[in-house]
Amino acid sequence: MNKRVYGVLGVSSIMANWNADFSGFPKTTTSGETYGSDKAFKYPMKKMWVNEGEKVIYIKSLRLEKDKKGNVNLIPRSLKERYEYLFDIEDLKNCKDSTEVLKNLFRAIDVKNFGATFAESGMNISIPGAVQFGQGFNKYEDTEPQEQQILSPFRDATKTTDEKGEAKNSTLGTKIVSDEAHYFYPFVVNPDAYNKFVKLEVTNGYTEEDYLKFKKTSLVAATAFSTNSKEGCDNEFGMFVETDRHLYLPNLTEYIQFEKGEKQNIISICLKDILAGIESQIQTIEIYYNPVTTVINCDIEGVKYFNIVTRKEV
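For clarity, every value in this text was computed on a predicted model and none was experimentally measured.

1. Some remarks on the pattern of salt bridges
- Within this structure, the stated rule accounts for 13 salt bridges.
- Asp38 is paired through a salt bridge with Lys39; the nearest N and O atoms lie 3.4 Å apart.
- Overall, Asp38 belongs to the buried group, its relative accessible area being 10%.
- According to the relative accessible area criterion, Lys39 is exposed, its value standing at 55%.
- Put simply, Glu65 and Arg63 hold a salt bridge, and the shortest N to O gap is 3.0 Å.
- With a relative accessible area of 22%, Arg63 lands in the partly exposed category.
- Residues participating in the shared-partner salt-bridge network are Lys3, Glu208 and Glu242.

As structure tokens, then:
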């Protein structure tokens, strides 16, 4: 791939919890800003790739194990076990060739995009990813967390309240969501990250096909990933600025503003000043959004606009 790509991916969260901290509340900085980690965005992408039959290493998978007492337990695989399972290898310890391991790692779509740290069986391999995400900060100022009480259909057998020593009532649970939040993630795609591995002949580098797979999945993974807390989270925005290979741009989320409208939300993009004088090094700029819910105000010309749902040009 003979270009760099800079961009922003947006996720809306309506009565949902896009990325919770250990207390269950949406993640915030010490100053109170709501944000989502890069892991929160990558995980739905990995799940989607798994469902499509792609090889994904860095994702939780389970196996059954019988203990000494004969009990069968469901436990997560270790990294070594996941590697052996994915590439049909009997025992990684028997592999003394790092070249073979590197080639296998690059066959995994998550490693090809996001890189890997692989320290197993005497090997210490580090692959800086071609795709790098920043943190996704919420740009909607009126976000408020909502705490809901949920009644369980079961009693807690550990509670003793009656003469028989049994609990009489069902237990209560809690679900915490944001009433509304709009996260914007910066990212960059740098194919030069794999140059040294291309020289070692363990990969063909980051290709146009790799990029198109990433692009396709990044625009739909949040919407496709439906769990109890993530239902209500949708891909609402995507911007892809394709540039010459040696052009370097700053974090583009700093030039994006979100405003809540009465009927439609407004996303304003102010790139005119930052791109002044380097227009010839910009190959294309594409913006994906939902024209039913959102209006885009962009101060530069020549942008191609697409419906994020249908992928048709607007």
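2. Some points on the side chain of Arg4
- Looking at where Arg4 falls in the secondary structure, it is placed in strand β1 (residues 4-16).
- Among the polar contacts made by the side chain of Arg4, one reaches the side chain of Asn190 at a distance of 3.4 Å.
- In this structure Arg4 touches Val189, Asn190, Pro191, Asp192, Val241, Glu242, Thr243, Asp244, Arg245, Leu247 and Tyr248, once residues within four positions along its chain are discounted.

3. Quick word on the side chain of Asn190
- Along the polypeptide, Asn190 turns up in the loop between β10 (170-189) and α5 (195-199).
- Within the local environment of Asn190, its side chain forms a polar contact with the backbone nitrogen of Asp192, the two atoms lying 3.1 Å apart.
- Setting aside anything within four residues of it in sequence, one finds Asn190 in contact with Arg4 and Ala130.

What counts, and where the lines are drawn
Residues numbered from 1 in each chain as written. Predicted model: local features only at pLDDT ≥ 70, side-chain atom pairs only at ≥ 80, totals over all residues. Heavy atoms only, no water. Salt bridge = Lys/Arg side-chain N within 4 Å of Asp/Glu carboxyl O. Buried < 20%, exposed > 50% of the residue type's maximum accessible area, 1.4 Å probe, protein only. Helix = DSSP H or I, 4+ residues; strand = E, 2+ residues; numbered from the N terminus. Polar contact = N/O pair within 3.5 Å; in protein donor to acceptor, adjacent residues only side chain to side chain. Contact = heavy atoms within 4.5 Å.

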